[in-house]
Amino acid sequence: MKNRIMFVLVLVLLSSSLAVAQTTLQVPSVSFPTIQSALNGAVSGDTISVASGTYVENLIWPGKSLQLVGAGAGASVIDGNQAGSCVSFTLDTSTGSLMDGFTLTNGSGTPDFFGLSLFPMGGGIHINRQTVSSPALLLSLTFRNCEITGNNAFQGGGVLLRFADARFEGCVFTSNSVTAGVDGSAAFIQSQQGNLITFEQCVFKQHAGKSVIRSPWSPDFEFLRCDFSLNTADTVLHIDGGAMTFSGDRFSQNVTAGGILWATQTGILPFVVESCEFIDNSVGGIVVGLLPTPLSLGGVVIMSNTSVLRNTSGINNKPIELWGGALISDCIIRGNRDTNGTVFTNPFSLPSGTSGMNYQYSNIKGQAGSGFAVVDVN
């Protein structure tokens, strides 16, 4: 009985100490006049509440798991003042951290190029575990209801992300920029297979450069109900990834020299495009290029309930190019034409080297009056 009482007392004391430790720090206040001072003074588990206002700071996130909560995008503004990234993460012990309700603007990146301090990377948000010796996959961050706008860097104008999991929820990316001819105006991602990068209900607008989002490696990706519009980058999404899901995304009124979605999968993993819309885009190349792992290794893209409407693609470039196997169903593909005005009655291009791949189509509604129904597009 005595042992049981002692055990209960220990639990009560532990609970009390945790409750004391997990406090809310206010910015600005006498104790914490700046956001950085609150980050430095907080302990893991704390919440930092930031009032409306503009904070001219270049934040270095400490090795703590913290909740940084602003008054909302447009209200709590972190101005990088062209003096570095608005916020930078490097330590695994920051895992589980959250930023919610901020505008991050006027950041110019952190000198960083594969561990060398050469070029500024990640104008708005800089996340780089490459200099950390511990195993990868330990750093996981969430950004919610944030606006990343008007930042610039050599690469990753809005965000640089290396070797970490990250989730962006309800974030708006606008008018971020990179050095001419360089990738990733909104985001440049160099995570690895096993990392998960999620963009949910995010907006990407008014980006130029070589690509809006570029990933040259192979993390897993989820793009869920995102909106890509009014971009003029050469390619909107140029993604190399592992498991990839594009669900409920809308791509509209983009004008690009290359294409809208160019996705290459590495590994025998799910590759899904569902309930997406590609509408009223003008591209110099193809609208959608999907490259799953070759069928000989089991790679198949599954495309369903997707609309490809009224897009203009380059001369002799059909709107959809497929490498590897494909299962396509319940799609509407109409009104697409090349720059000469030629309407495509068969929208699929199968490049050389794809013979013998498994292509299956069902319930595809094509050009009005054309009687388009794919049975065999070889």
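See the structure above.
Residues numbered from 1 in each chain as written. Predicted model: local features only at pLDDT ≥ 70, side-chain atom pairs only at ≥ 80, totals over all residues. Heavy atoms only, no water.

Student: How should the overall build of the protein chain be read in this particular structure?
Tutor: In terms of regular secondary structure, the protein chain is built from 2 helices and 42 strands. By residue count, 52% of the 378 residues in the protein chain fall in the buried class. Taking all contacts inside the protein chain whose residues are at least 6 apart in sequence as the whole, residues at least 24 apart take part in 72%. (Helix = DSSP H or I, 4+ residues; strand = E, 2+ residues; numbered from the N terminus. Buried < 20%, exposed > 50% of the residue type's maximum accessible area, 1.4 Å probe, protein only. Contact = heavy atoms within 4.5 Å.)

Student: Help me out: how do you make sense of the nonpolar core in this one?
Tutor: If you look at the biggest cluster of nonpolar residues, it comprises 80 residues, and the most contacted ones within it are F199 and I213. Excluding its chain neighbours within four sequence positions, the residues that come into contact with I213 are A186, A187, I189, F199, F204, F223, F228, V236, L237, H238 and I239. By size, the runner-up hydrophobic cluster in this structure holds 6 residues, among which are M121, V178, V182 and F188. (Core = buried A, V, L, I, M, F, W, Y, C linked by side-chain atoms within 4.5 Å.)

Student: Where do I start with the sheet that holds strand β16 (residues 159-162) in this structure?
Tutor: The strands making up a sheet are joined through hydrogen bonds of the backbone, oriented either antiparallel or parallel. Taken in spatial order, the 11 strands of this open sheet run β4-β7-β12-β16-β20-β23-β26-β30-β34-β38-β41, and their pairing is parallel. The outermost strands of the open sheet, each flanked by one partner alone, are β4 (59-60) and β41 (348-349). Both strand β23 (residues 211-215) and strand β26 (residues 235-241) contribute to a ladder of 4 bridges, which runs parallel. Across the sheet, the residue bridging to I213 is L237, located in β26. (Pairing = 2+ DSSP bridges.)

Student: Sorry if this is basic, but what is going on with the side chain of Q36 here?
Tutor: Structurally, Q36 is set in helix α2 (residues 35-41). Other than its neighbours up to four places away in sequence, Q36 contacts E57, N58, L59 and I60.

Student: Sorry if this is basic, but what is going on with the side chain of T306 here?
Tutor: Secondary-structure assignment places T306 in the loop between β35 (300-304) and β36 (307-309). Among the polar contacts made by the side chain of T306, one reaches the main-chain carbonyl oxygen of S304 at a distance of 2.9 Å. With sequence-adjacent residues up to four places away left out, T306 is seen in contact with V273, E274, S275, C276, F278, D330, C331 and I332. (Polar contact = N/O pair within 3.5 Å; in protein donor to acceptor, adjacent residues only side chain to side chain.)

Student: When you look at the pairing of strand β12 (residues 125-128) in this model, what are you seeing that I'm missing?
Tutor: Remember that side chains alternate between the two faces of the sheet whenever the strand is regular. Residues of β12 alternate between two faces, with I125 and I127 on one and H126 and N128 on the opposite face, all of them buried. Both strand β7 (residues 87-89) and β12 contribute to a ladder of 3 bridges, which runs parallel. Within the sheet, the bridge partner assigned to F89 lies in β12 and is I127. Where β12 meets β16, 4 bridges bridge the pair, whose relative direction is parallel. Along β16, the bridge assignment pairs N128 with R162.

Student: Explain unusual backbone geometry here, please?
Tutor: Glycine aside, residues mostly have negative phi angles, and peptide bonds mostly take the trans form. Cis geometry is adopted by the peptide bond preceding P28, which originates at V27 and carries an omega value of -5 degrees. Residue position: P28 is located in the loop between β1 (24-27) and α2. Look at Q201: it is not a glycine, yet its phi comes out positive at around 50 degrees. Secondary-structure assignment places Q201 in the loop between β21 (196-200) and β22 (203-205). The phi dihedral of N305 falls on the positive side, at around 50 degrees, and the residue is not glycine. Within the element layout of this structure, N305 appears in the loop between β35 and β36. With relative accessibility at 45%, the residue N305 sits in the partly exposed group.

Student: Can you walk me through the environment of E222 in this structure?
Tutor: Following the sequence through the fold, E222 ends up in strand β24 (residues 220-224). Accessibility expressed as a relative area gives 24% for E222, which makes it partly exposed. The spacing of E222 and F246 is 24 residues in sequence and 6.1 Å in space, taken between C-alpha atoms. The contacts of E222, once residues within four sequence positions are left out, are R167, L196, I197, T198, F199 and T245. Within the structure, E222 has its side chain in polar contact with the side chain of T198 (distance 2.8 Å).

Honestly, it's all geometry; don't read function into it.
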